[in-house]
Amino acid sequence: MNKEYDFLVIGSGLAGLSFTLKVADYGKVAVLTKAELLETNTSYAQGGIAAVTYEPDSYNKHIEDTLDAGNNLCRREVVEMVVKEAPKQIQQLIDWGARFDRESSGKFDLAKEGGHSEHRILHYKDTTGYEIQRALSERIKNHPNVDVFEHHFAIDLITQHHLGKLVKRMHSDTECYGVYAINFKTHKISTLLSKVTLVATGGAGNLYKTTTNPVIATGDGIAMIYRAKGTVENMEFFQFHPTSLYNPGERPSFLITEALRGFGGILKTIDGKEFMHKYDKRNSLAPRDIVARAIDNEMKIKGDDFVYLDCTHLNAVKLRKNFPNINEKCLSIGCDFTKEMIPVVPAAHYLCGGIKVDTNGRSWIKRLYAAGETSSTGMHGANRLASNSLIEAIVYADRAAQDAIEQMKNIKIQKDIPDWDDKGTKHPEEMVLITQNYKEVQQIFSVYVGIVRSNLRLKRALDRLEIIYKETEQLYRKSKLSKQLCELRNLINVGYLIIKMAMRREESIGLHYNIDYPPAG
Ligand code: FAD
Ligand code: SIN
């Protein structure tokens, strides 16, 4: 199948769908998702979306909180832009039908999370992401200019390389003409051609054994751009959420939102002792890198498998009303969180780095944009401030959309693109060759490239990953494509970039904590 579109969008989360809704009045749009439309990281977001609404909050406070959490590695002009454009994009979400909780006065009910100096998190109970995803998905389905391709997996970007031309890394003339995608229900491979393409493929939490991310988060967009010789940055900054529910064997790990700590929840060790005062004066509401490291340290000192989040001193009626999803989940494992402490552990949660983009969401490949978690805008620096991800995704999707609408007027679809060539490939004899390597990658990352790193651990991780890389590339060249094989290959590419960039950063800062470089002060 060979199809042509004005806009091609890879990913159906907040970044992909909000871009789509903005460009769909200007041309035909294809939205590709490797799962169902609703199965995205966006759907799992709990706490909410950060934006300045009322005094005493101010743009300046949100900007300073973001820069502080990011350990001053953020791009200030980007932070200022996102914070100032946030209220307009919140209004856009409301206009599209997303609901946010309000007080009886009609004002937004604002929550607080780690690192925020004010209550500024808009939310819909503790299922904000699903509410946003629901509203946008309904709009998309009804738009006459949008074709949605569910279960279509983007394999690789199409560039001059596919026309037989040499493409060099950092070569500024590289262009993207579309994507090869496989429908894993029919196993047909299509060539989707476009004037412009947006990569909005989300994060890569599945590099780790314990993650809050759904199975779709395998870093595909970053791996595709890397293979197409684009530019990727800041990959060493992988954020661990301090509090996922300790429920061994459950994958993804269920998140216990930071808004619960903003509501008064307190972290304690298993013997019931508070510990956060030893690490930061903001106690349980310090930024995530600090809290996750503190929990990791306490668990190591005591040899415990988890710590507790204690909410038992808080108003039970309000707890159940504001956190119905968490209430239901905790009850399902026999824990009434209004009476008993919740067992929690850190889990891989958010990739701060990714595809480098400018302030219009343009990547370093022509005709190719990136937005959302797959991109690196400079907003998060060395550590993302809670609830700054959804807002960054929609602000950047808007900027990319405005730019793409102008750009596509002067662009023609590239013709003569060859079909995907899988001649001579066979089904792998044993899937275990793929599944075992996938598990090994997760093992390597969890043990050697986690919350605390060292030069030796990183070197070990690289040596082991190189073996798995060679085995997987060999298998890839001779195999018919499977989802597991494509995702494994992508995770290996993304993992390689994380280790290499972690090795290059000879300091401890934010989410990159290396015991060989003690932090200053
Ligand atoms: P996603 O929503 O992850 O969408 C990615 C899309 O890309 C999916 O449709 C997927 O199928 C598709 N895709 C991926 N690879 C391919 C491929 N090869 N081919 C085709 N399609 C592909 N952030 C906040 O700001 N506030 C919160 O409260 C919050 N809570 C969170 C709670 C949880 C449990 C998690 C996991 C994350 C949370 N985050 C939160 C982070 C935030 O949800 C994500 O960063 C954000 O939703 C990412 O949106 P996105 O559009 O970039 O990607
Ligand atoms: C949470 O609700 O704690 C997650 C917020 C985020 O990841 O920004």
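Our structure is the block above this text.
Quick summary incoming for the structure in this document. All residue numbers refer to positions counted from 1 along the written sequence of the respective chain. Chain A is the first chain written and ligand 1 is the first ligand written, with later ones labelled in order. Selection of residues for local features in this predicted model requires a pLDDT of at least 70, selection of side-chain atom pairs for listing and counting requires 80 or more, and totals for whole chains, interfaces and linings are taken over all residues. The basis for the side-chain values is all heavy atoms of the structure; hydrogens and waters are excluded.

**So, the overall build of the protein chain**
We count it as follows: By the criteria applied, helices consist of DSSP H or I runs no shorter than four residues and strands consist of E runs no shorter than two, each listed in order from the N terminus. This radius of gyration counts C-alpha atoms alone. The globule rule is 2.2 Å times how many residues there are, raised to the power 0.38. Burial status follows relative accessibility: with a 1.4 Å probe on protein chains alone, a residue under 20% of its type maximum counts as buried, one over 50% as exposed, and anything between as partly exposed. Should any heavy atoms of two residues lie within 4.5 Å, those residues are counted as being in contact.
Helix and strand counts for the protein chain come out as 14 helices and 16 strands. Relative to a compact globule of 521 residues, whose C-alpha radius of gyration would be 24 Å, the protein chain shows 22 Å and is just as compact. For the protein chain, the spread of C-alpha atoms along the principal axes amounts to about 65 × 50 × 45 Å. The buried share among the 521 residues of the protein chain stands at 62%. Looking at the protein chain alone, contacts between residues at least 24 apart form 75% of all its contacts between residues at least 6 apart.

**Here's the deal with helix α8 (residues 288–302)**
Put simply, the test is: Expected helix span is taken as 1.5 Å per residue step, with the number of steps being one fewer than the number of residues.
Taking 1.5 Å as the rise per residue, α8 with 15 residues should run 21 Å; its terminal C-alpha atoms sit 21 Å apart, in good agreement. Of all the positions in α8, only Arg 288, Asp 289, Val 291, Ala 292, Arg 293, Ala 294, Ile 295, Asp 296, Glu 298 and Met 299 are classed as buried. Where α8 is buried, its residues contact β10 (238–245), α7 (259–262), β11 (266–268), β12 (307–310) and β13 (342–351). Just downstream of α8, Gly 303 is the residue with a positive phi angle, here 70°.

**Let's talk about the site of ligand 1**
As a reminder, the rule being used: Consider each residue's heavy atoms; a residue with any of them within 4 Å of a molecule or strand counts as near. Here a polar contact means two N or O atoms within 3.5 Å. Within protein one must be a hydrogen donor candidate and the other an acceptor candidate, and residues neighboring in sequence count only if both atoms are side-chain atoms. Areas reported as accessible are Shrake-Rupley estimates using a 1.4 Å probe. Residue values count occlusion only from the protein chains shown. Residues are grouped as follows: Ala, Val, Leu, Ile, Met, Phe, Trp, Tyr, Cys and Pro are nonpolar; Asp, Glu, Lys and Arg are charged; every other residue, Gly included, is polar.
In the region of ligand 1, 38 residues are neighbours, and Thr 42, Gly 48, Ala 154, Glu 373 and Ser 389 sit closest. At 2.5 Å from an oxygen atom of ligand 1 is found a side-chain nitrogen or oxygen belonging to Thr 42. With respect to ligand 1, the side chain of Ser 389 contributes an N or O atom lying 2.7 Å from an oxygen atom. Starting from 1000 Å² of accessible surface for ligand 1 in isolation, the protein chains cover 98%. Those elements giving two or more residues to the shell around ligand 1 turn out to be α1 (14–23), α2 (41–44), β6 (152–158), β13 and α11 (388–407). Taken together, the residues that form the shell around ligand 1 break down as 14 nonpolar, 20 polar and four charged.

**Digging into the environment of Lys 168**
Position of Lys 168 relative to the elements: it lies in the loop between β6 and β7 (178–183). Residues Lys 168 and Gly 230, 62 residues apart in the sequence, show an inter-C-alpha distance of 9.1 Å. Discounting chain neighbours no more than four positions away, the residues touching Lys 168 are Thr 174 and Lys 229.

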